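Here is how the chains run, residue by residue.
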Amino acid sequence: LVFTEEDKYGLYSSLLFKYFLAEGVVCGHDLFVASAKEHPDNILKELPAPLLDDTYRNELGEEATTVKSNDFQDSMKIAWRYQNLPKMEASPTSTKFGHYYDVSKTMSPELFQSIKWHSFYLPEELSSQPKMKSCNMNSAYTRLLHSIQRIIYQEGFDGSDPQKKQKNILRIGIQSLGSMLWGDDICSSETPEDIHSLTKFLYVLRGLLRKSLSACIITLPAHLIQNKAIMERVTNLSDTVVGLESFIGSERETNPLYKDYHGLVHVHQIPRLNSLICDVSDTKDLAFRLKRKQFTIERLHLPPDLSDTVSRASKQDLAESAKLLSSGCGAMAIGKKHLDF
């Protein structure tokens, strides 16, 4: 269960949502798309087109070159403290995971012929079925759970029963869950009428995912939820929680330090399935940017601060330290800083 906190205007979270579905189409997985705002048919029509590896390198203008360790040691002399560190390859495509997509083009209809996809559009479901409510859960969440459960059991994704046909995976995508369009008021009030409706839905959905061959991504307008306790419960009920912070309309949009990026990626939680602890990545600062054809997530590299004020202050501190060293160890106590010696 992957939870994505939407950015303020929902531009980049929608693109990440479509990436998840497009990967399912390329891998031959079945799809289940649920939405209360945009019709699932329109979402599938806007999936990005896949790219081959050679096409990816040519269109982005990036050459895959690997620096050999022997040549690196012969051509450069580095400090002894860095000699035992692992060598890093110069190519950004050295490790391949998944597929690459061109956001300027849409996926061809021929790719959808080899997969099955199911849709859940809330306005159509409300008009076709009578109102239902159970276990203090609103009608929209109850309908969605029944629809997901029916697809899991009817299409043979139930992991508890032996499958007669070839095993496959069901990819579930739920867009803007918890918004007013789903009949929930957690985004409009600090004390919603049914505060436990969303968490009960996630608890039941988590159980369905555990015993079935399925994966789910959910986007949530977290910036509109005023009750922080709800977000803490949502985080505890999810396996992976990722937040997108867009620079649109913020001070960082005009900040020259962030001129190469369009937003930040906050990894709040990563999976720890069947284990007591999870693998913690050494990279904490991540940023994303939308190129002409590619949506990329990279390490956040900020340029060094080389302003004149910093340089003058550093030179002054060095001069004072040199005076103290020339006067001997007895002058240690008269420095301006307690670390001068």
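Just so you know, these numbers come straight off a predicted model, no measurement behind them. (Residues numbered from 1 in each chain as written. Predicted model: local features only at pLDDT ≥ 70, side-chain atom pairs only at ≥ 80, totals over all residues. Heavy atoms only, no water.)

Caption draft 1: Inspection of the side chain of S197 at higher detail. For S197, the position within the fold is in helix α7 (residues 197–210). With sequence-adjacent residues up to four places away left out, S197 is seen in contact with N136, M137, N138 and Y141. (Helix = DSSP H or I, 4+ residues; strand = E, 2+ residues; numbered from the N terminus. Contact = heavy atoms within 4.5 Å.)

Caption draft 2: Region of the structure containing the sheet that holds strand β9 (residues 263–269). Spatially, β5-β2-β6-β7-β1-β8-β9-β10-β11 is the arrangement adopted by the 9 strands of the open sheet, whose pairing is mixed. Where the open sheet ends on each side, the last strands, each with one partner, are β5 (117–121) and β11 (295–299). Here the average twist between neighbouring strands, direction ignored, is 20 degrees. Looking at chain direction, strand β1 (residues 2–5) and strand β8 (residues 240–246) are connected through 4 bridges and run parallel. Across the sheet, residue E5 finds its bridge partner in β8, namely G243. (Pairing = 2+ DSSP bridges. Axes fitted to C-alpha atoms, helices over the stretch in contact; angles between N-to-C directions.)

Caption draft 3: Representation of the confidence of the model for the protein in the model. Mean pLDDT over the protein: 78, with 69% of residues reaching 70 or higher. Here residues 59–76 is a poorly scored stretch, pLDDT under 50, and it has 20 contacts once near neighbours within four places are set aside; other chains count. Between residues 310–315, whose pLDDT stays under 50, and residues either more than four places distant or in other chains, the model counts 2 contacts. (pLDDT = per-residue confidence, 0-100.)

Caption draft 4: Quick peek at helix α8 (residues 228–236). Those residues of α8 that fall on the buried side of the exposure criterion are I230, M231, V234 and T235. Summarising the axial view, the buried residues of α8 lie within an arc of 140 degrees, below the 170-degree limit, and thus occupy one face. Counted as exposed and oriented over 90 degrees from the buried face of α8: E232 and N236. Of the surrounding secondary structure, the elements contacted by the buried residues of α8 are β1, α7, β7 (214–220), β8 and β9. (Buried < 20%, exposed > 50% of the residue type's maximum accessible area, 1.4 Å probe, protein only. Arc of directions from axis to C-beta.)

Caption draft 5: Focus on the environment of F112. Turning to its location among the elements, F112 is positioned in the loop between β4 (100–106) and β5. The class of F112 is buried, set by a relative accessible area of 15%. Note: C-alpha distance between F112 and V25 (87 residues apart in sequence) is 6.8 Å. Excluding residues within four positions of it along the chain, F112 makes contact with V25, L44, L47 and M107.

Caption draft 6: Structural detail: the packing of α7 against α8. In contact at an axis separation of 10 Å, α7 and α8 are set at 0 degrees when each is read in the N-to-C sense. Put simply, α7 runs roughly parallel to α8. Together, L198, T199, L202 and R206 of α7 and I230, R233, V234 and N236 of α8 make up the contact between the two elements. Here the contact of α7 with α8 is composed, by residue class, of 4 nonpolar, 2 polar and 2 charged. (Parallel < 35°, antiparallel > 145°, perpendicular 65-115°, else oblique. Nonpolar A, V, L, I, M, F, W, Y, C, P; charged D, E, K, R; others polar.)

Caption draft 7: Inspection of the pattern of salt bridges at higher detail. Taken as a whole, this structure holds 7 salt bridges when the rule is applied. In this structure, D239 engages R210 in a salt bridge whose closest nitrogen and oxygen atoms are separated by 2.7 Å. A residue pair is termed long-range when its members are at least 10 positions apart, and D239 in the loop between α8 and β8 and R210 in helix α7 qualify at 29 residues. Overall, the relative accessible area of 43% leaves R210 in the partly exposed class. (Salt bridge = Lys/Arg side-chain N within 4 Å of Asp/Glu carboxyl O.)

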